[in-house]
Structure formats: structure tokens, C-alpha cells
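# Structural overview for review
Each chain, letter by letter, is given below.
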Amino acid sequence: MPRLRALHLAYSLPYPPRCGYDLRAVSLCKQLQKEMDVTLLTRSFTGAAAPASMDGMALRVLHLPRPTRWERLWKGLRFLPGAFPVLSAGYYFPAMARAIQEELTLRHYDWVVMEGIWLSVYWPLLQKFPARKAVNHYDLEPESLRRQASVLAPGLNKWLLSNAARRMENIEARLVREASINWVTSRREQEALLKKNPSAR
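Please read all numbers here as calculations on a predicted model, not as lab measurements.

Rules used in this analysis
Residues numbered from 1 in each chain as written. Predicted model: local features only at pLDDT ≥ 70, side-chain atom pairs only at ≥ 80, totals over all residues. Heavy atoms only, no water. Helix = DSSP H or I, 4+ residues; strand = E, 2+ residues; numbered from the N terminus. Rg over C-alpha atoms; globule rule 2.2 N^0.38 Å. Buried < 20%, exposed > 50% of the residue type's maximum accessible area, 1.4 Å probe, protein only. Lys, Arg positive; Asp, Glu negative; His and termini not counted. Salt bridge = Lys/Arg side-chain N within 4 Å of Asp/Glu carboxyl O. Contact = heavy atoms within 4.5 Å. pLDDT = per-residue confidence, 0-100. Expected span 1.5 Å × (residues − 1). Arc of directions from axis to C-beta.

## So, the overall build of the chain
A count of helical and extended segments in the chain gives seven helices and seven strands. Going residue by residue from the N terminus, the α and β elements of the chain occur as β-α-β-β-β-α-α-β-α-β-α-α-β-α. For a compact globule of 201 residues, the expected C-alpha radius of gyration is about 17 Å, and the chain comes in at 17 Å, within 12% of that figure. Along the three orthogonal principal directions, the C-alpha set of the chain runs to about 55 × 45 × 30 Å.

Pasting the structure below:
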């Protein structure tokens, strides 16, 4: 019987691991490899050469130029009228969207694994393909954003975080509803998401 195939999307190259996010991403990849063939698709600003594989896993790293201040501002303004938080602009790259589309068009994948809900900026694209979706929630992002906003004085940063919390709540609900599997880090988070959507998996 052929092995399943998974496309694993991560914010940035988690190897070698340098923080908790990297450790968890690498650990999840290793667990998935026990059951399926995994391709990790990510991006890097370093420009350093990346290996073709990582512990036996196929690896595709997009080397992107670091956006300038004005490019970041322009991307943020484009996100103002949409459903995603302005801060989501920092996670969206046209080259990454093209790479995702290419992978899912040219190769068969049974699963797409999304590391963290900020990558939901690619969710509308992912939903065009039949592969089942798994979302790895690192925490309850809207709750975290509200906590950060609550300690700030009124101003742009407070508005950005409050705006992000409101929009992320809607996005979180959509992901929980539409993903085939949602992973969380604690029972408390599991109960909080199930309270919002009892049919979630």
C-alpha cells in the first residue's frame, strides 16, 4: 500500500532548531514521517544554502529578500479592508503562494499541515485543493492578542493588536470548522475551541 504524502507549511526554516516553535515543528515532522512522506515548504531571509532534505524529509526553502519598511507598510495597507488582520501581511508572500499552488498542482498530497494560524493567509488557496487540512494551533491566538493589547496605552500598536484579535477570532472559528484536524497544546485550549464549535475535530 503506498504511503500517504503530506505538505507541511512552516513560517520559517526550523532547522537547526533555535526556539520552541522550531522544536515543535521538527518534532511534528518526525512524528508525521512515521506514517507518511513529508515535504516541508518554508521560507528564509538568510539566503544561506539549505539542504535538499532534513532528517530524510524532502525540503523546499524559498529564499526571499527581506522586505523593506515601505514594502511592509504597503502590504499592511492592502490587508486593511479584508478579513485578515493587518499584521497577517507579515506572513504573506506572493512567492510562497505560488510555491504552494505549484506543489499542490504538480504533486499529489493527501494532507496539508499548517504550522500556526497566521499561515491562514494561504487558507483560501489551500481550500481550492482536495488534500485534507490539519492546523497546528500553538495557542489561542485571539486570546493572546487581546492580552497584549490590554497592557498598551491607546495608540497605533494597541489598535493593531485589538484589530488582529477581532479578525483572528473569526479566522480561528473558520479553521476549526473547516480543517479535518485541529491540534492544540493543552486541554484548556481544546475545551475552549470545542465550546465555540462542538463538532470540531
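Right, picking up where we left off after that structure.
## A closer look at the side chain of Glu-115
With respect to the secondary-structure elements, Glu-115 resides in strand β5 (residues 111-115). With no salt bridge to any partner, buried Glu-115 finds its closest opposite charge in Arg-24, at an N-O distance of 5.7 Å. In contact with Glu-115, not counting residues within four places along its chain, are His-8, Leu-9, Ala-10, Tyr-11, Tyr-21, Ala-25, Leu-28, Asn-136 and Tyr-138.

## Section: the confidence of the model for the chain
Detailed reading of the predicted coordinates is not advisable wherever pLDDT is low. Looking at the chain as a whole, its pLDDT mean stands at 85, while 93% of the residues score no less than 70. Of all helices and strands in the chain, the one with the weakest mean pLDDT is strand β3 (residues 53-54) (62), whereas helix α4 (residues 123-126) scores best (95).

## Concerning helix α3 (residues 94-106)
For an α-helix, the turn length of 3.6 residues means that residues three or four places apart are oriented alike. With 13 residues, α3 extends 18 Å between its outermost C-alpha atoms, agreeing within 8% with the 18 Å of an ideal straight helix rising 1.5 Å per residue. Listing the buried residues of α3 in full gives Met-96, Ala-97, Ala-99, Ile-100, Glu-103 and Leu-104. Taken around the axis of α3, the buried residues stretch over an arc of 160°, which confines them to a single face. Exposed positions of α3 whose direction lies more than 90 degrees from the buried face are Arg-98, Thr-105 and Leu-106.

## Description of the pattern of salt bridges
Applying the stated rule across the entire model yields eight salt bridges. Between Arg-147 and Glu-143 there is a salt bridge, and its shortest N-O distance comes to 3.1 Å. With Arg-147 and Glu-143 both in helix α5 (residues 141-150) and four residues apart, the pair spans about one turn of that helix. Glu-143 sits in the partly exposed class, given a relative accessible area of 27%.

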